[in-house]
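# Secondary and tertiary structure notes
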Amino acid sequence: QFGVGWGTDTGVRAVARPDHHLINRAGYQAGVTVGASDINKFLSLNVSKPWTEQSHPLDDRLAGTLTYEEEKINQGDGNLDLSTRTLKAGIARNIRQDDVTYNDIRQGYDFTNGWNKTYSLRYRLDELESGVEPENRQDLPVPFNRADSKFEQQALLFGYAVDKTISDNIISPTRGFNQYYSIEAGAEGVATDTNMAIVRAGANAVYSFGEANKHQLVGSVDAGYIWADNFDDVPYKLRFFAGGDRSLRGYDYQSLSTLENGYLIGGEVLALGSAEYNYAFPPSLRGAVVADVGNADDSNFETDTKLGVGFGVRWASPVGMVRLDLGAGVLEDSIPVRLYFYIGSPLQ
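Not measured: the values here are computed from a predicted model.

## Focus: the pairing of strand 16 (residues 285–297)
- Pairing geometry for strand 15 (residues 269–281) and strand 16, over 13 bridges, is antiparallel. Residue pairing for strand 16: Leu272 is matched across the bridge by Gly294.
- Connecting the antiparallel pair strand 15 and strand 16 is a turn made up of three residues, with Ser284 showing a positive phi of about 60 degrees.
- Here strand 16 runs beside strand 17 (residues 306–317); their pairing, made up of ten bridges, is antiparallel. Note on strand 17: the bridge partner recorded for Leu285 is Trp315.

## Looking at the nonpolar core
- With 16 residues, the main nonpolar core has Ile198 and Leu238 as its most contacted residues.
- Secondary-structure elements contributing two or more residues to this core are strand 9 (150–167), strand 11 (196–209) and strand 15.
- Grouped together as the second largest cluster of nonpolar side chains are twelve residues, Leu80, Leu82, Tyr236 and Phe241 included.

## Details of the pairing of strand 10 (residues 175–186)
- Summarising the sheet, strand 9 and strand 10 pair through ten bridges and their orientation is antiparallel. Looking at strand 10, one finds that Ile166 is bridged to Phe177.
- With twelve bridges connecting them, strand 10 and strand 11 associate as antiparallel partners. Bridge pairing in strand 11 links Gly176 to Val206.

## Thoughts on the environment of Ile166
- Here Ile166 is to be found in strand 9.
- Along the backbone, Ile166 and Leu347 are 181 residues apart, and their C-alpha atoms lie at a distance of 9.1 Å.

## Notes on the side chain of Asp298
- In this structure, Asp298 sits in the loop between strand 16 and strand 17.
- Put simply, Asp298 is tucked away with no salt bridge, and the nearest opposite charge, on Arg239, sits 11 Å away.
- A polar side-chain atom of Asp298 sits 3.0 Å from the main-chain amide nitrogen of Asn300.
- If we skip the residues at most four places from it in the chain, Asp298 touches Thr258, Glu268, Val269 and Thr303.

Scoring rules and cut-offs
- Residues numbered from 1 in each chain as written.
- Predicted model: local features only at pLDDT ≥ 70, side-chain atom pairs only at ≥ 80, totals over all residues.
- Heavy atoms only, no water.
- Pairing = 2+ DSSP bridges.
- Helix = DSSP H or I, 4+ residues; strand = E, 2+ residues; numbered from the N terminus.
- Core = buried A, V, L, I, M, F, W, Y, C linked by side-chain atoms within 4.5 Å.
- Buried < 20%, exposed > 50% of the residue type's maximum accessible area, 1.4 Å probe, protein only.
- Lys, Arg positive; Asp, Glu negative; His and termini not counted.
- Salt bridge = Lys/Arg side-chain N within 4 Å of Asp/Glu carboxyl O.
- Polar contact = N/O pair within 3.5 Å; in protein donor to acceptor, adjacent residues only side chain to side chain.
- Contact = heavy atoms within 4.5 Å.

In structure tokens:
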């Protein structure tokens, strides 16, 4: 695979990924991914094997990854001017179930089945360096206010996640529902800076009605919570941020969170909701009006709630739903306006 593109948050970007799916008859697979943009460079190696000799290599497998990444984080207002170097390693057992259709439900489908499951162990070591001038560094939030501009954060997290999708069409659903739940936890002293746990949950739904399903409602909720003995020791890149095409339209990608001393420090709580109404215009086109609300907040909920509204176009292409949206952050004194382009099912 090879791809090139451009994004408002990344500039010009390119990615290449060769994969070898037939290493041996036992179903071993391996691949490497290389990517680069104005703000991000990474190299990732991945390997996988069936969980047992009898397991299907796609439906029940053990997968490992090793990634090195360099990233520049410049989020506008409240910018810490960060340069990061990250080493990530992980291993996971992925159990995939067949997709559920409404016909399965009519035939008496057992709702206790059909859940995709992931058991995981992942480690990350982040080296962060702030470009804020030394004389201003004492005004930064902890832990960025130390004399040395460069420091490390690490976490070893054990995780479990489940998700399930029910729809009438995998690529471009007219009716469907997706839900997901996950938890990860790490212990201080076990390659982790503090005792912590991260909980996530969310749902997406699509409902079409009227003659030829001309009318369509799409909605989603996304929630998260980070518990920690000391939130200052939670790795910065594990904290919650909001903003972007799949979060709060009208704002830059991950440009919103709790502020401390005027700087974005990331949130302990994530609460986002989205709703849109689509109307069909043949062939395979829909006009849309959208609204997003929420933010990444602290545990006292003292961060301002943001609201983004906008309109867009949907095209049911052969490779999935193509979405083009223009969003605005309407509660700001100087209203930001952003253009978003995305390809994929609304149930992803």
